[in-house]
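Summary of structural features
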Amino acid sequence: MEVTIGVQNVARELTVETDAAADEVAQAVDAALASPDAVLRLVDTKGRTVLVPGRAVGWVQVGESEKGKVGFGAV
């Protein structure tokens, strides 16, 4: 699952590839936005933890990662 996070006052977004389901990510985002002192915590596919203060989250996009295409066929 690919999760892209827009952080306030930062020009670039964060992209995290995680094994968590979309519902789990949505619950983590909801919890981070519920309190001004909360933290959005996601674990990526390599086991690294990404922490973003809830008050700094601008937007979050949750979607399936695009599978790499194999072959030489026309699109």
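Residues numbered from 1 in each chain as written. Predicted model: local features only at pLDDT ≥ 70, side-chain atom pairs only at ≥ 80, totals over all residues. Heavy atoms only, no water.

1. Considering the overall build of the protein
Broken down by element type, the protein carries one helix and five strands. Secondary structure elements of the protein, listed N to C terminal, follow the sequence β-β-α-β-β-β. Sequence-distant contacts, at least 24 apart, represent 45% of the contacts inside the protein between residues at least 6 apart. (Helix = DSSP H or I, 4+ residues; strand = E, 2+ residues; numbered from the N terminus. Contact = heavy atoms within 4.5 Å.)

2. Notes on the sheet that holds strand β5 (residues 57-63)
In space, the three strands of this open sheet follow the order β2-β1-β5, with antiparallel pairing throughout. Unpaired on one side and paired on the other, β2 (14-17) and β5 mark the two borders of the sheet. Direction aside, the axes of adjacent strands within the sheet are offset by 20° on average. The sheet contact formed by strand β1 (residues 2-7) and β5 spans six bridges and is antiparallel. Opposite Gly 6, over in β5, you have Trp 59 as the bridge partner. (Pairing = 2+ DSSP bridges. Axes fitted to C-alpha atoms, helices over the stretch in contact; angles between N-to-C directions.)

3. Looking at unusual backbone geometry
Backbone geometry at Asn 9 places phi at a positive 65°, although glycine is not the residue there. Within the secondary structure, Asn 9 is located in the loop between β1 and β2.

4. Quick notes on the pattern of salt bridges
For the coordinates displayed, the defined rule picks out one salt bridge. Here Asp 44 and Arg 48 are joined by a salt bridge, their closest N and O atoms 2.8 Å apart. (Salt bridge = Lys/Arg side-chain N within 4 Å of Asp/Glu carboxyl O.)

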